[in-house]
Amino acid sequence: MIDYSFIVDFLFMWIRVATPILLTSLGAVICERTGVVNLGLDGIMLISALFGVLGSAWGGNLFWGLAAGVGAALIVSGVFAYFHLMLKANAVLCGTAVNTIAGGLTVFVLQLATGEKGSSSSLKSFSFPAVNIPIIKDIPVLGDILSGHNVITYFAFLMVIVITVFLYRTPMGLRMRAVGENPSAASSVGQNVVKIRFLAILLCGVMAGMGGMYLSMGYLSMFTRDMVAGRGFIALAACAMGQANPVGALISSMVFSFFDGLSNILQLLQIPSEFVQMLPYGATILGLTVYSIQKQRQKNKKNKEIQQNVIK
Amino acid sequence: MDSNKRIHLIVDMAKLMIAILVSCGLVTAIVLGTSSEPMNAFFSFFIGPFTSFRRIGNIVEAASPLMFTALAVILIFGAGQFSMIAEGAFFIGTLGAMMVATSVPLPTGIHSAVALLVAAAMGATVALIPALLKMKWQVSEVVTSLMLNYIVQFFSIYMVSYYFREVSSSSLASIAFLDTSLLPVIIGGTRIHAGIILAVILCLLIYFLLFRTTFGMKLRIVGNNPKFANYSGIKVTGIMVASQVIAGALAGMGGGAELLGMYTRFKWTSSPGYGWTGIAVALLARNNPLLVPLAALFMGYLNVGANIMARNSDVSSEVVKIIQGVMILMIAAEALLKKWKQRMIVEAAKAETGMKGDVVND
């Protein structure tokens, strides 16, 4: 028998590890909707994670951390957008460049700031607070699972609704979807494709930046070298599997982070840690493959139906 | 048209120069902004790599693994695919070579060859996975290859630490390789090993494959225009898969050569990143295998310079990664210098049709 508190602990942690992937995949949804594949999410998360910590340590409060993290994310996303949209550089190469720069820049700046290359543990940085939700926290089981999370976690789940409304209920959301669906058509009715995509990349950057800051100012309370560890790529996969739809991204993020959470628990058992660490990445490949097979089947079925209708 | 080709070349060269100049300018700015002894740092970075025979050797040693991964990237990107598997194929190659080098006694020469072949086979196998998933079910090769890189990293380290670990060592290291497996040093006073010869031969071979065979012709057509390739009867998916498998074999062999040429034990605790640097090298070489050695030497020079600078001054060696990223951005920027190129093409066309005097420039 697995005892009750174990399950509650696991569910609580599941939500915890899902947060950065969810936030970033919501950003990816906005980008994907306008037809941009943002491979630089990993790098943006990493840079925001560092600058959030530095901002809060130097500014002396959480606000400066948030400002520095979001600002850094905007700058990096702006560079990505400028090279991809204005200078017509391939998005995959732009993303790779952003990730390469981020890997070097964060260690370089970290060493400048702290004299160390491993972590920011010597800095006194601030974290986002955990919040207890008034009524829910008193409900027996549910309260233990849903209350007491970091404020960014609640922000992430709130953003699922906000971005759904934004994409499907506002003029700007409609423009973005139109640009992604058919850029030539959107441009022919007077929409500035480059401008709209630029905006989408910046919004996506802010979301990824929040995801990065959660890692260094919530999940942990410091920055460590390469701490993002491919979560940006997993978020991209979650976005693809969720069909670039906020609710879909939420579900896929929860699926992928289930294995992330599982690996946290299995680490306590006698299984080689390397195998456990592989789990989220393996699950992502598997999930994406199953989804693609499903998608292809549907497509084939549709094609057959069309053919039959034509014959009739 | 001949003049068009010439213009393309001139513009490409100009772009390369801009990329290199911007990168050097960036180093200068970073050093001036952060170092308390900038002159010392500059000297170490730019001149340092040439100050001794051993250090010049270091440049060549650093270039060797990059040539393998850059060739892999050229093949994959050349077929229009964006698999990032070079990194993982390289690392699984080091694992394969390590297993043969530690556990299969063979005569000198044959031992290295078998180890390199096993490394290549393992690299090819890993590269096959995203290629097959893409071919069969349209799974994005970008994401699967990135995920596989992590899986390969953890798997290789698991194998070393559970089956090949040197028990007496406090840090992670494999048992020592058998002497028969090591690649010989070819220039005394340095660590330049036979792997570099292999790399240069492979550059020639891949050039031949790409530009002098029907397979290469098909690969380039598939990369440029898969629809056209399909209509002209080329088996597009077959070419895409083949290019990735060959690329995986190249990167895997590179991993093996690096391990047996530079080390006597497996000591990595994470994937070393040669696959990523290979992307920058491939772009620098304008996707031409014959230019890969030159581009790899340049990148090797930057790496050695950054290491010397980190040792002699207060600027850390991570600067080089920032430079690599900026270079990728600059070279990938298709529209950079586009107006200038356009004007040159128009002028060349005017000259050819004899309209030069009649057209008023506005």
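Keep in mind it's a predicted model, so treat the numbers as computed, not measured.

### A short note on the overall build of chain A
Item 1. Broken down by element type, chain A carries 12 helices and two strands.
Item 2. Relative to the 2.2 N^0.38 estimate, which gives 20 Å for 312 residues, the radius of gyration of chain A is 21 Å and therefore close to what a compact globule would have.
Item 3. Dimensions of chain A, computed from C-alpha atoms along their principal axes, come out at roughly 70 × 55 × 40 Å.
Item 4. The buried share of chain A, taken over its 312 residues, is 51%.

### Focus on the UniProt feature "transmembrane region" (unreviewed entry) in chain A
Residue and element names in this part refer to chain A.
Item 1. UniProt annotation of "transmembrane region" (unreviewed entry) refers to residues 6–29, 36–58, 64–85, 92–113, 151–168, 198–216 and 275–293 when read in the numbering used here.
Item 2. This span, residues 6–29, is 100% helix and 0% strand, and a straight line between its end C-alpha atoms measures 34 Å.
Item 3. For residues 198–216, the helix share is 100%, the strand share is 0%, and the end-to-end C-alpha distance is 27 Å.

### Digging into helix 10 (residues 236–262) of chain B
Item 1. The first and last C-alpha atoms of helix 10 of chain B sit 39 Å apart over 27 residues, in line with the 39 Å expected at 1.5 Å per residue.
Item 2. In terms of burial, helix 10 of chain B is a largely internal element, 21 of the 27 residues being buried.

### Brief notes about helix 3 (residues 62–86) of chain A
All names here are of chain A.
Item 1. Here helix 3 contains 25 residues, and its C-alpha end-to-end distance of 35 Å stays within 8% of the 36 Å for a straight helix at 1.5 Å per residue.
Item 2. Near the N-terminus of helix 3, the side chain that reaches the backbone nitrogen of Phe63, with its oxygen 3.1 Å away, is that of Asn61.
Item 3. Lys88 sits one or two positions beyond helix 3 and adopts a positive phi of about 55 degrees.

### What about the interface of chain A and chain B?
Item 1. Listed per partner, the contact involves 45 residues of chain A and 45 residues of chain B.
Item 2. Buried surface at the junction of chain A and chain B, summed over both partners, amounts to about 3900 Å²; 80% is from carbon and sulfur atoms.
Item 3. On the chain A side of the contact with chain B, Leu93, Phe108 and Ile285 of chain A bury the most area, a combined 16% of that side's loss.
Item 4. In this structure, the connection of chain A to chain B is made through two salt bridges.
Item 5. Residues Glu318 of chain B and Lys117 of chain A are paired through a salt bridge, measuring 3.0 Å at the closest nitrogen-oxygen approach.
Item 6. Remark: the boundary between chain A and chain B carries five residue pairs in polar contact (both at pLDDT 80 or more).
Item 7. When contributions to the side of chain A that touches chain B are tallied by element, the ones reaching two or more residues are helix 3, helix 4 (91–114), helix 10 (231–241) and helix 12 (273–311) of chain A.
Item 8. Taken together, the residues of the side of chain A that touches chain B sort by class into 26 nonpolar, 14 polar and five charged.

### Some points on unusual backbone geometry
Item 1. Despite not being glycine, Lys88 of chain A has its phi angle at roughly 55 degrees, a positive value.
Item 2. Relative to the helices and strands, Lys88 of chain A resides in the loop between helix 3 and helix 4.
Item 3. Its relative accessible area of 47% is what places Lys88 of chain A among the partly exposed residues.
Item 4. Backbone geometry places Arg286 of chain B, a non-glycine residue, at a positive phi of 50 degrees.
Item 5. Relative to the elements of secondary structure, Arg286 of chain B occurs in the loop between helix 11 (274–284) and helix 12 (292–312).
Item 6. Residue Arg286 of chain B is classed as partly exposed on the basis of its relative accessible area of 31%.

### Some thoughts on a nonpolar patch on the surface
All names here are of chain B.
Item 1. A cluster of nonpolar side chains, contributed by Phe53, Ile186, Ile187, Ile197, Ile201 and Leu205, occupies part of the molecular surface with about 540 Å² of accessible area.
Item 2. It is helix 7 (residues 195–212) that provides the largest number of residues to the nonpolar patch, a total of three residues.
Item 3. As for its position among the elements, Ile197 is in helix 7.
Item 4. Residue classification places Ile197 among the partly exposed positions, given a relative accessible area of 42%.

### What about the side chain of Ser35 of chain B?
All names here are of chain B.
Item 1. Mapped onto the secondary structure, Ser35 falls in the loop between helix 1 (2–34) and helix 2 (38–47).
Item 2. In terms of polar contacts, Ser35 uses its side chain to reach the backbone amide nitrogen of Glu37, at 3.0 Å.
Item 3. Apart from residues lying up to four places away in sequence, Ser35 is in contact with Ile30, Ala41, Asp314 and Val315.

### Some thoughts on the confidence of the model for chain B
Item 1. Of the residues in chain B, 97% reach a pLDDT of 70 or more, and the chain-wide mean stands at 90.
Item 2. For this predicted complex, the interface score ipTM comes out at 0.88, alongside a pTM of 0.90.

### Remarks on the state of the cysteines
One covalent bond between the sulfur atoms of two cysteine residues makes up a disulfide.
Item 1. Applying the stated criterion across every chain, the model contains zero disulfides over all chains.
Item 2. Not engaged in a disulfide, the cysteine Cys239 of chain A finds its nearest cysteine sulfur in Cys204 of chain A; these two sulfurs lie 8.6 Å apart.

### Quick word on the packing of helix 11 of chain B against helix 12 of chain B
Residue and element names in this part refer to chain B.
Item 1. Where helix 11 contacts helix 12, the axes come no closer than 8 Å and their chain directions differ by 130 degrees. Looking at the two axes, helix 11 sits oblique to helix 12. For the pair helix 11 and helix 12, the crossing hand works out as right-handed. Residue-level contacts link Thr277, Ala280, Val281 and Leu284 of helix 11 to Val292, Ala295, Ala296, Phe298 and Met299 of helix 12.

The rules behind these values
- Residues numbered from 1 in each chain as written.
- Chains lettered and ligands numbered in written order.
- Predicted model: local features only at pLDDT ≥ 70, side-chain atom pairs only at ≥ 80, totals over all residues.
- Heavy atoms only, no water.
- Helix = DSSP H or I, 4+ residues; strand = E, 2+ residues; numbered from the N terminus.
- Rg over C-alpha atoms; globule rule 2.2 N^0.38 Å.
- Buried < 20%, exposed > 50% of the residue type's maximum accessible area, 1.4 Å probe, protein only.
- UniProt positions renumbered as here; feature names shortened; annotations may be inferred.
- Expected span 1.5 Å × (residues − 1).
- Polar contact = N/O pair within 3.5 Å; in protein donor to acceptor, adjacent residues only side chain to side chain.
- Contact = heavy atoms within 4.5 Å.
- Buried area = accessible area lost by both parts, 1.4 Å probe.
- Salt bridge = Lys/Arg side-chain N within 4 Å of Asp/Glu carboxyl O.
- Nonpolar A, V, L, I, M, F, W, Y, C, P; charged D, E, K, R; others polar.
- Patch = residues over 30% accessible without salt bridge, like charges linked within 9 Å, V, L, I, M, F, W, Y side chains within 5 Å.
- Areas by Shrake-Rupley, 256 points an atom, 1.4 Å probe, with all protein chains shown as cover.
- pLDDT = per-residue confidence, 0-100.
- Disulfide = S-S within 2.5 Å.
- Axes fitted to C-alpha atoms, helices over the stretch in contact; angles between N-to-C directions.
- Parallel < 35°, antiparallel > 145°, perpendicular 65-115°, else oblique.
- Left-handed = near helix turned anticlockwise from the far one by under 90°.

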